[in-house]
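# Remarks on the overall topology
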Amino acid sequence: MAHRLLLFLAVLLVAGVARAEAPGAAPSATVPGQLVVSAPPDVSAFGGRLVSRVEVELDDDTWKDVVIPAVRSVHPGDVFSSGLARRALSEVVESGLFARGRVSAIVDGAGVRLVVHVVPRKLIENLRLDLHGAKVERDELLRAADLAEGGELIGRDMPDQRKRIQSFLARHGYPNADVTITMRETDMATQVLVIVDVIPGLPHLVQRRFFYEYGVRREDVLSAENEYAVKVGTRLDEGLLEAADTSLAERLRGAGYDRAIVTHDIPDLVPTTLRVRIDAGPKFDIRYDGNEHFDPDALTAGLELEGDRDRSPGHLVQKLRDFYVKRGFFDVEVGVETRGAPDSGVGGRTLGQEAPSVLLVFHIVEHPRVAVLSRAYPCLRLEDIQHLSGGGPKS
């Protein structure tokens with residue numbers, strides 16, 4: 001049986017970057033504009049043989065107008081080497097007409113036949129997308145499909161791109177979308193017009209919605225739940241659901257449930273049901289001791305808890321100290337004491353159970369406020385300004 005050796009697999013040309021990898025090689029970092037070639041396979045079986053033929057074959061027949069180039073840098077009669085094979089591959093892919101390439105070396109009698117396999121590509125001159133009313137972001141959809149004006153289009157990749165668009169639409173509430181990708185020729189043989197047509201079908205809507213509260217009573221978080229953005233009748237868009245989960249968790253943290261976690265799931269039920277789970281964790285209350293110049297409301301406002309995801313005691317201590325320093329209390333001392341079990345209710349959450357309470361007590365020693373008693377200008381001498389005119393100060 002003739003020996004066959006794949007010398008180079010997967011030469012990818014993206015934005016002028018070429019990459020070549022040997023079979024089984026781990027991906028290596030690329031530098032834009034450079035051809036990165038991993039360690040070649042063992043070619044000792046071909047040592048000393050002469051090249052009998054050099055051929056170029058297309059691994060994709062999507063386009064019928066692709067001109068198969070001739071290899072001019074390698075000739076029959078040349079002594080085979082891995083460098084020679086690389087030279088043949090580089091000559092073909094550097095034309096910019098192909099997206100991927102590999103070289104096969106095949107024993108041909110007493111010689112070696114080199115076959116350069118390449119995948120043609122076209123450049124997208126213009127890209128048209130018709131969503132037919134689907135409420136999704138155009139740019140996000142095209143990014144998911146890896147389609148862009150000026151980018152490349154590979155015929156054999158188009159079925160995968162179509163599937164990626166369908167998956168994107170399913171995640172955004174259109175599970176039955178029909179997607180077609182068509183091409184039209186342009187005046188340039190290397191460029192095409194791409195038309196993406198999306199028929200979204202009926203959106204998948206929330207028909208029932210339930211909240212499950214763990215470690216907290218429903219009445220304690222009901223006002224926050226009522227502001228959950230995905231309501232009955234809303235399209236089941238994963239992006240909207242994740243944003244709603246995050247927003248609800250932040251509202252709960254603002255209400256003192258600093259470790260609240262909100263998740264959702266959609267069970268395989270009819271009618272379509274959205275289940276939102278709230279793991280509240282302990283409720284944190286704040287007290288202050290030793291504050292003489294500022295009341296608790298002012299100190300709590302200074303902590304700026306709204307929107308701050310870091311509620312660790314050390315972080316809050318630093319924020320309180322910064323609050324005092326900005327107001328002239330340079331020697332302030334701030335400590336914190338935790339009263340209660342901060343981890344209670346986390347391991348064994350119970351549906352509808354009242355949340356355990358944790359008290360953070362900040363002990364403050366203000367010390368005297370720094371006051372300005374005098375000002376001095378050591379670089380300004382009195383005799384230098386006594387003779388100034390124009391109404392300026394004399395001292």
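Residues numbered from 1 in each chain as written. Predicted model: local features only at pLDDT ≥ 70, side-chain atom pairs only at ≥ 80, totals over all residues. Heavy atoms only, no water.

## Notes on the nonpolar core
Rules: Residues belong to one nonpolar core when they are buried, are Ala, Val, Leu, Ile, Met, Phe, Trp, Tyr or Cys, and are joined through side-chain atoms within 4.5 Å. Burial classes: relative accessible area under 20% of the type maximum marks a residue as buried, over 50% as exposed, and values in between as partly exposed (1.4 Å probe, protein chains only). Think of it this way: any DSSP run of H or I at least four residues long counts as a helix, any run of E at least two long counts as a strand, and we number them from the N terminus. Every residue pair with non-hydrogen atoms within 4.5 Å of one another is taken to be in contact.
Of all hydrophobic cores here, the largest spans 24 residues; its most connected members are Leu141, Ile165, Leu169 and Val196. Put simply, the parts of the chain that give this core at least two residues each are strand S7 (122–130), helix H2 (138–145), helix H3 (158–171), strand S9 (178–185) and strand S10 (191–199). When residues no more than four places from it in sequence are discounted, the contact partners of Ile165 are Leu141, Ala145, Val179, Ile181, Val196 and Val198.

## Things to note about the sheet that holds strand S11 (residues 208–214)
Put simply, the rule is: If DSSP finds at least two bridges between two strands, the strands pair. Axes here refer to lines fitted to C-alpha atoms; in helices the fit is confined to the stretch in contact. Angles between the N-to-C directions go from 0 to 180 degrees.
The sheet built from 3 strands is open, its strands ordered S11-S13-S12 with mixed pairing. Since the sheet does not close on itself, it has two edges, and those belong to S11 and strand S12 (261–265), each with one partner. The sheet shows a mean angle of 20° between the axes of neighbouring strands, direction not considered. With 5 bridges joining them, S12 and strand S13 (residues 273–279) adopt antiparallel strand pairing.

## Regarding H3
In an α-helix, one full turn covers 3.6 residues, which means residues spaced three or four apart are oriented alike. Basically, it comes down to this: Under the convention used throughout, the expected extent of a helix is 1.5 Å for every residue step, that is, one less than its residue count. Relevant arc is that of directions from the helix axis to the C-beta atoms, nothing else.
The end-to-end C-alpha distance of H3, which contains 14 residues, comes to 20 Å, matching closely the 20 Å that a straight helix rising 1.5 Å per residue would cover. For H3, the set of buried residues is Met158, Gln161, Ile165, Phe168 and Leu169. Mapping the buried residues of H3 onto a view down its axis gives an arc of 95°, with all of them on the same face. Just downstream of H3, Gly173 is the residue with a positive phi angle, here 95°.

## What to know about the side chain of Glu225
Definition in use: Only four residue types enter the tally: Lys and Arg on the positive side, Asp and Glu on the negative side, with His and both chain ends excluded. What counts as a salt bridge is simple: a side-chain nitrogen of Lys or Arg found within 4 Å of a carboxyl oxygen of Asp or Glu.
Inspection of the secondary structure puts Glu225 in helix H4 (residues 218–225). Of the side chains bearing the opposite charge, Arg218 lies closest to the buried Glu225, which forms no salt bridge; the N-O distance is 4.5 Å. For Glu225, the residues in contact, after removing those within four places along its chain, are Arg209, Phe211, Glu213, Arg218, Leu248 and Ile278.

## Remarks on the packing of aromatic side chains
Quick reminder of the rule: Ring pairs are drawn from Phe, Tyr and Trp, using the six-membered ring of Trp, whenever the two centres fall within 6.5 Å, and their geometry is named by plane angle: stacked under 30 degrees, edge-to-face over 60, tilted for the rest.
According to the stated counting rule, one finds 7 aromatic pairs in the structure shown. Pairing Phe211 with Tyr228 gives two aromatic rings, centres 5.6 Å apart and planes at 90°, and the pair type is edge-to-face. With Phe211 in strand S11 and Tyr228 in the loop between H4 and helix H5 (238–254), this pair connects stretches of sequence that are 17 residues apart. For Tyr228, a relative accessible area of 0% puts it in the buried group. Seen from their ring centres, Phe294 and Phe329 are 6.0 Å apart, and the 75° between their planes marks the pair as edge-to-face.

## Quick word on the environment of Gly101
In this structure, Gly101 sits in strand S5 (residues 98–108). With relative accessibility at 4%, the residue Gly101 sits in the buried group.

## Some remarks on helix H1 (residues 82–93)
In a regular helix each residue adds 1.5 Å, so 12 residues correspond to 16 Å; H1 covers 17 Å between its end C-alpha atoms and thus fits that length. Of the positions making up H1, those classed as buried are Ser82, Leu84, Ala85, Ala88, Leu89, Ser90, Val92 and Val93.

## Observations regarding the sheet that holds strand S15 (residues 333–339)
Pairing is mixed across the open sheet formed by 3 strands, whose spatial order is S14-S16-S15. The two strands at the open ends of the sheet, each matched to only one other strand, are strand S14 (283–289) and S15. Geometrically, the sheet is characterised by an average inter-axis angle of 20° between neighbouring strands, direction not taken into account. One ladder, built from 7 bridges, connects S14 with strand S16 (residues 357–365); its direction is parallel. Bridged to Ile286 within S16 is Leu360.

## Quick word on the packing of H4 against H5
To be explicit about the condition: Throughout this description, any angle smaller than 35 degrees is read as roughly parallel, any larger than 145 degrees as roughly antiparallel, any in the 65 to 115 degree range as roughly perpendicular, and the remainder as oblique. Handedness of each helix crossing follows the sense of rotation of the near helix against the far helix: counterclockwise by less than a right angle gives left-handed, clockwise gives right-handed.
In the contact formed by H4 and H5, the axes pass within 10 Å of each other and the chain directions differ by 130°. As far as their axial angle goes, H5 and H4 are oblique. H4 and H5 meet at a crossing whose hand is right-handed. Only Leu248, Arg251 and Leu252 of H5 make contact with H4, whose side of the interface consists of Val221, Ala224 and Glu225.

## A word on the packing of H2 against H3
What counts, and what does not: Note on residue classes: Ala, Val, Leu, Ile, Met, Phe, Trp, Tyr, Cys and Pro are nonpolar, Asp, Glu, Lys and Arg are charged, and everything else, Gly too, is polar.
At a closest axis distance of 8 Å, the pairing of H2 and H3 adopts a crossing angle of 140°. With respect to H3, the element H2 is oriented oblique. Crossing handedness for the pair H2 and H3: right-handed. The segment H2 lies against H3, with Glu140, Leu141, Ala144 and Ala145 engaging Gln161, Arg164, Ile165, Phe168 and Leu169. Taken together, the residues that form the contact of H2 with H3 break down as 6 nonpolar, 1 polar and 2 charged.

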